[in-house]
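# Structural description and commentary
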Amino acid sequence: MLSAAVFLVVPALPAGAQSQWVDWNLDTAARLQLSVVSVNDNQEKDVTVGDFDNDGDTDLVIVRKVPFSTPGSQINVLLMNEDGVLVDRTVALIPGFMTPDDSRDVLAFDCNGNGWLDILTVNTFGQAPRLFINQGVDGKGTFLGWVESLNWFSPAFVPGPKFCAAYDGDIDNDGDLDLYFSDYDNTLEDRLLINDGNGHFTDETDLRFPTGINNSVFGTASFIHDFNLDGWPDILRSSGAFEPLKLLINNQAGRFELMQILPSNAVYMVRSADFDNDGRRDMYVVSDGQDYLLMNDSTNPNGTINVTQVNVSSSTHTSGFGGNVHVTDLDRDGFLDVGVADVDVDIPGCVRRFAALRNTLPDTGNDGFHDPNNPQTLAWNTQGVHDFAWIDINGDQFMDLFQATCSGYRVFMMEPFELDIVGDIDGDGVVGILDFLLLLGDWGNCPDPCPPTCAADLDADCTVGILDFLLLLGNWG
C-alpha cells in the first residue's frame, strides 16, 4: 500500500539542461568557505548533515583520515550554513575536532533527548569513538557549539576498536537512542551500546546477543529499523563482500536471538529506505557486479521477512566497487531516489564515477532504479567520491549536492525545474472539481496492460481508489 502523505509534485526538465533528468551546476567557490583544510584536501572523508543550531537550514560535518586501511589521524571539519554558504566554524564551535583522529564515519543524533543534535565520530585503528555534546544556545540565543564528552561509555573496548560505521536507534523501546557499531577486520566484533537516556552508554553486546551473532568480517554499514513491522527495531548488518546481508530480529524485549541470512552476495555497502512507499524498509545493495535492490515484501510468523531481488538497470556508473549510498527525493515525485559514491572503504582507486539514480516506480509501476545519464558523463558524475550529501544549501527546496572526493570538495547547486501538481489530471494548473470527476470516472482497476497506468492512478498502483482520492484532496486548489 502506498502512502498518500508524500506525493507532492513531479518534475519537468529545465530547458537546455544537459542532464536527461535533474541537473546540478558547479558553484564551489561561492558556496564553500574553508579554513582548517584546503578545498583540494586529498584525505579520506565521510560526511553527515543536520540542522545543528536549530535555525531551519542544514549544516554539515566532515570526518577525515589517511585514505583506505592506513593509519593516519587527521582533524575533522564543521561547516555551518550561513545564508546559503557553508562556512568553516570548526575552531569556534567544536574545537575538539582540532585534535586529530582516525574517523571513518560520523553520526549526528540526539543522545540526551534535549532537541539538539550531538555528533559521534566513529574511529578505527584502536581509537575509541568520540562523542560531542551540543550545548544549544545561551540566554541571548547565541549558539554555543559542542563540548566533547569524556568517559561516555563503559566498559572500555578490548581490543581497541576498528569500527567502520555506526547507527542509532531505540533498541529497547525506552525512548532514547542506542548505538550499534560495525567492526572492520578486528576480533572485537560488532558492539551494541545501550543509552541510559542522558547520553551515557553501556556495552551490552554480550547480554543482548547469543555468542557469535555479532561476529563481523569487514563490517561497512548497519541500520536500526523495524523491518518486520512488529513495533520493535531490528538490526541490518553488512559484513563485507565475503558475507551476505544479515538481519538480526528483535525478540520484542531488546534481545536478538534470531539471525536471518538475506539472499545477497558481493555486498560492499547497503542503504535501508522505503523505496516503494509501502511502509516497509527495503535495501539498496552496492555489489561487486551490478547493484540491486532487496524489496521487503512481507513478514513471516517467526519475524523474518520475505524479500524480492530487483536488479538496478545496467549502468557503467553502478557496476564494480562502490561506496556510500544516500537517498532523497531528487525529482520531488514522492519516491526516494539514490546516489552512490564510487570509492570503496578499503580497495584503492579513484577512477570510477558517482551516480544519481531515478526511482522507476512512478513511471513504470515497477520497483527499481535506472541511471538516466548512462553512459554520458556530466560534471557532477565526479570520479573518486568518498562520500557526499544531499543538502538544500540555499533553501529553495531543491536538493543540492556536496561531494567529498579523493582530490577535494565540490558543491553543485541543483538547477530548479518546473513543478506539476499531483492531482491536476486535466492539466489546467488547478486541482478541482473537474479533476475529481475524472478520478471518479477512472475508479477501479486500470485497463490491462498496466503499466502504463491510467491518468487518475496518482499512486501508480494500477488501481484508482481511496489513496488517489486522498492525494487529490491533499493538493486541492
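Coordinates for the structure precede this section.
Attention now moves to the state of the cysteines. One covalent bond between the sulfur atoms of two cysteine residues makes up a disulfide. Under the defined criterion, the tally for this structure stands at three disulfides. One disulfide in the model links C350 with C406; its S-S distance is 2.0 Å. On the sign convention where negative means left-handed, the S-S torsion of about -80° between C350 and C406 marks this disulfide as left-handed. Taken together, the residues C350 in the loop between β26 (337–340) and β27 (355–359) and C406 in the loop between β30 (400–405) and β31 (408–414) connect sequence positions 56 residues apart. According to the relative accessible area criterion, C350 is partly exposed, its value standing at 30%. When its relative accessible area of 16% is taken as the criterion, C406 is described as buried. In this model, C446 is linked to C454 through a disulfide, with the two sulfur atoms separated by 1.9 Å. Given an S-S torsion of about -50°, the disulfide between C446 and C454 has left-handed geometry. Among the residues examined, C446 registers a relative accessible area of 7% and is labelled buried.

This next bit is on the packing of aromatic side chains. What the rule picks out here adds up to 25 aromatic pairs. Here W24 and W380 contribute two aromatic rings whose centre-to-centre distance is 4.7 Å and whose plane-to-plane angle is 75°, an arrangement assigned as edge-to-face. With a gap of 356 residues between them, W24 in strand β2 (residues 24–26) and W380 in the loop between β28 (369–370) and β29 (385–391) connect regions that are remote in the sequence. Taken together, the ring pairs in this structure connect F109, W152, F153, F157, F163, F181 and F201 into an aromatic cluster. Lying across the ring of Y184, R104 places its NZ or CZ 5.5 Å from the centre. The ring of F398 is capped by R332, whose NZ or CZ atom sits 5.1 Å from the centre of that ring.

On to the nonpolar core, then. Ranked by internal contacts, the top residues of the largest apolar core, which has 46 residues, are L236, L245, L262, M283 and Y284. For this core, the element with the most residues is strand β21 (residues 267–273), which contributes five residues. Beyond its immediate chain neighbours, meaning those up to four positions away, M283 contacts F227, L236, L245, L262, V270, R271, F275, Y292, L293, L294 and I305. Residues W380, V385, F388 and L401 belong to the second largest nonpolar core, which totals 18 residues.

Strand order in the open sheet formed by five strands is β12-β16-β15-β14-β13, and the pairing between neighbours is mixed. At either end of the open sheet lies a strand with only one pairing partner, and these are β12 (153–154) and β13 (163–169). Summarising the sheet, β12 and strand β16 (residues 201–203) pair through two bridges and their orientation is parallel. Its bridge partner lying in β16, S154 is registered against T202.

Here we take up the pattern of salt bridges. Considering all chains together, one arrives at 15 salt bridges under this definition. For the salt bridge of K65 with E44, the shortest nitrogen-to-oxygen distance reads 3.6 Å. Remark: E44 occurs in strand β4 (residues 44–50) and K65 occurs in strand β5 (residues 59–65); sequence separation between them is 21 residues. For the pair K65 and E44, a shared accessibility class is recorded, and that class is buried. The salt bridge involving E243 is made with K246; its shortest N-O contact spans 2.8 Å. In this structure E243 comes out as partly exposed when scored by relative accessible area, which is 22%. Judged by its relative accessible area of 9%, K246 is buried.

Read across the open sheet, the four strands follow the order β2-β31-β30-β29; overall the sheet is antiparallel. Pairing within the sheet leaves two strands with one partner each, and these edge strands are β2 and β29. Ignoring strand direction, the axes of neighbouring strands in this sheet form an average angle of 25°. Pairing geometry for β2 and β31, over three bridges, is antiparallel. Paired with W24 across the two strands is M414, which belongs to β31.

As a further point, take unusual backbone geometry. A cis amide bond links V158 with the next residue in sequence, P159, at an omega value of -5°. Position of P159 among the secondary structure elements: in the loop between β12 and β13. The linkage connecting N374 with the following residue, P375, adopts the cis geometry, with an omega of 5°. Structurally, P375 can be placed in the loop between β28 and β29. Backbone geometry at F125 places phi at a positive 55°, although glycine is not the residue there. Mapped onto the elements of the fold, F125 is located in the loop between β9 (118–123) and β10 (130–134). Here the phi dihedral of N277 falls at roughly 60°; this positive angle occurs in a residue that is not glycine. On the secondary structure map, N277 appears in the loop between β21 and β22 (282–287). For N277, a relative accessible area of 8% gives the class buried.

About the cut-offs
- Along each chain, numbering runs from 1 in the same order as the chain's sequence is written.
- Given that the model is predicted, a residue must reach a pLDDT of at least 70 before its local features are reported, and side-chain atom pairs must reach 80 or more before they are shown or counted; all residues, however, enter totals for whole chains, interfaces and linings.
- Values reported for side chains reflect all heavy atoms of the structure, with hydrogen atoms and water molecules removed beforehand.
- Defined by distance alone, a disulfide is two cysteine sulfur atoms within 2.5 Å.
- By definition, any uninterrupted DSSP run of H or I lasting at least four residues is a helix, any uninterrupted run of E lasting at least two residues is a strand, and each is numbered from the N terminus.
- Remark: exposure states derive from per-residue accessible area (1.4 Å probe, protein chains only) relative to the maximum for the residue type, with buried under 20%, exposed over 50%, and partly exposed in between.
- The pairing test for Phe, Tyr and Trp rings, Trp by its six-membered ring, is centres within 6.5 Å, and the orientation test on the planes gives stacked under 30 degrees, edge-to-face over 60, and tilted for anything in between.
- Here, a charge over a ring is recorded when the distance from Lys NZ or Arg CZ to the ring centre is within 6 Å and its angle to the ring normal is within 35 degrees.
- Here, the term nonpolar core denotes a set of buried Ala, Val, Leu, Ile, Met, Phe, Trp, Tyr and Cys residues that are joined through side-chain atoms within 4.5 Å.
- Any two residues whose heavy atoms approach within 4.5 Å are treated as being in contact.
- By the convention used here, strands pair only if DSSP detects at least 2 bridges between them.
- Note on definitions: salt bridges are taken to be side-chain nitrogens of Lys or Arg within 4 Å of carboxyl oxygens of Asp or Glu.
- Structural elements are reduced to axes, namely lines fitted to C-alpha atoms, with helices fitted over the stretch in contact, and the angle between N-to-C directions of any two is expressed from 0 to 180 degrees.

Just geometry here; none of it tells us what the structure is for.
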